[in-house]
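Below, each chain spelled out in residue letters.
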Amino acid sequence: MTARDSILGRLRAANPRAAGTADLERRIDAHFDARRAATPDSPDTLAQRMLEALHAVRAQAWCMAAEVWPALLAERIAAAGVRRILVDAATPEGRALRAALPAGVEAVAFERPLEDWKDELFDSVDAGFTVARSGIAATGTLVLAPDAVTPRTVSLVPPLHIALVHAHTLHADLHQALHAERWQDGMPTNLVLATGPSKTSDIQQTLAFGAHGPRWTWIVIVTDERNRA
């Protein structure tokens, strides 16, 4: 038996729950459950909290009704001077936005391997549109699950990332998101938590935006009749 086999064998044989771990998890769960019980949240309340958190991290965000968001968002996109935007047609939200875009804005699908159009993507695409899997209201965080149709590149490369999240998918905090979506049972291979535009203060502690991702982030929180308390 090699040293590697010996180490791996000991790891596999070890009890995955060390003494006290189960009790600590129960205490953490009880803490968050009690805090949420003290201030029950409706989807509308969570949407407002999400909105405030997004503004705090310098994202632009709006609550829009389900029946009007495509037209309102398309107007804002055109007014911002966006000429080319990555929008897939595989989701209902993507199709709705494509239909609402004015003639001066071109919707582009991510249909080619990145290597085949990298220069075009970096040089001529102004924005990328994604639909979040859910959101975390306490921090204004989007939970994104990129796939082949809408890869991580859509939210990372264009200078403007536009994301849509439905109010009924919002969680009060990360603890609730983890348990409600049962991340412990298996997550997507590429689950991304994104909070506001890309920012860094690596150089002389000066805050700069857009160094490692989008310079601007727009978030549309979609509300509808299902969300009424």
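Residues numbered from 1 in each chain as written. Predicted model: local features only at pLDDT ≥ 70, side-chain atom pairs only at ≥ 80, totals over all residues. Heavy atoms only, no water.

Per an unreviewed UniProt entry, the chain is named LUD domain-containing protein, and its organism is Massilia pinisoli.

Caption draft 1: Molecular detail of the overall build of the chain. When helices and strands are tallied, the chain shows eight helices and twelve strands. Counting all 229 residues of the chain, 41% fall into the buried class. For the chain, long-range pairs separated by at least 24 residues make up 70% of all intrachain contacts whose partners lie at least 6 apart in sequence. For the chain, the accessible area works out to roughly 12800 Å², and carbon and sulfur atoms hold 54% of it. (Helix = DSSP H or I, 4+ residues; strand = E, 2+ residues; numbered from the N terminus. Buried < 20%, exposed > 50% of the residue type's maximum accessible area, 1.4 Å probe, protein only. Contact = heavy atoms within 4.5 Å. Areas by Shrake-Rupley, 256 points an atom, 1.4 Å probe, with all protein chains shown as cover.)

Caption draft 2: Main features of the pairing of strand E7 (residues 160–166). Within E7, seven of the seven residues are buried, leaving the element largely enclosed by the surrounding structure. Pairing of strand E4 (residues 127–131) with E7, which is carried by five bridges, proceeds in the parallel orientation. Counted as the bridge partner of Val131 is Leu164 from E7. Pairing analysis gives seven bridges linking E7 to strand E12 (residues 216–223), with the strands arranged parallel. Each bridged residue has a counterpart across the sheet, and for Ala163 the counterpart in E12 is Ile219. (Pairing = 2+ DSSP bridges.)

Caption draft 3: View of the environment of Ala47. Relative to the assigned elements, Ala47 resides in helix H3 (residues 43–56). For Ala47, a relative accessible area of 1% puts it in the buried group.

Caption draft 4: Just the pattern of salt bridges, in detail. Tallying each qualifying case throughout the model produces eight salt bridges. In this structure, Arg36 engages Asp33 in a salt bridge whose closest nitrogen and oxygen atoms are separated by 2.9 Å. With Arg36 and Asp33 both in helix H2 (residues 21–38), this residue pair falls three residues apart, about one helical turn. On the basis of relative accessible area, Arg36 is assigned to the buried category, the value being 16%. Classification of Asp33 by relative accessible area gives partly exposed; the value is 42%. One salt bridge in this structure joins Glu181 and Arg133, with 2.8 Å as the shortest N-O distance. Taken as a pair, Glu181 in the loop between helix H8 (174–180) and strand E9 (192–194) and Arg133 in the loop between E4 and strand E5 (134–136) lie far apart in primary sequence, 48 residues in all. Overall, the relative accessible area of 17% leaves Glu181 in the buried class. (Salt bridge = Lys/Arg side-chain N within 4 Å of Asp/Glu carboxyl O.)

Caption draft 5: Expanded view of unusual backbone geometry. Residues other than glycine seldom take positive phi values, yet Arg58 does so here, at roughly 65°. Note on placement: Arg58 falls in the loop between H3 and strand E1 (60–65). Residue classification places Arg58 among the exposed residues on the basis of a relative accessible area of 56%. Phi is positive for Arg182, close to 55°, though the residue is something other than glycine. If you trace the backbone, Arg182 turns up in the loop between H8 and E9. Overall, Arg182 belongs to the partly exposed group, its relative accessible area being 45%.

Caption draft 6: Quick peek at the nonpolar core. One finds Met50, Leu54, Leu142, Val165, Leu170, Ile219 and Ile221 to be the most contacted residues of the largest nonpolar core, which totals 21 residues. The greatest single-element share of this core, amounting to five residues, is contributed by H3. (Core = buried A, V, L, I, M, F, W, Y, C linked by side-chain atoms within 4.5 Å.)

Caption draft 7: Focus on the sheet that holds strand E8 (residues 170–171). The strand order E8-E5-E6-E9 describes an open sheet built from four strands, whose pairing is mixed. Single-partner strands in this sheet number two, and they are E8 and E9. As judged from the three bridges shared by strand E6 (residues 141–144) and E9, these two strands associate in the antiparallel manner. Opposite Leu144, over in E9, you have Val192 as the bridge partner.

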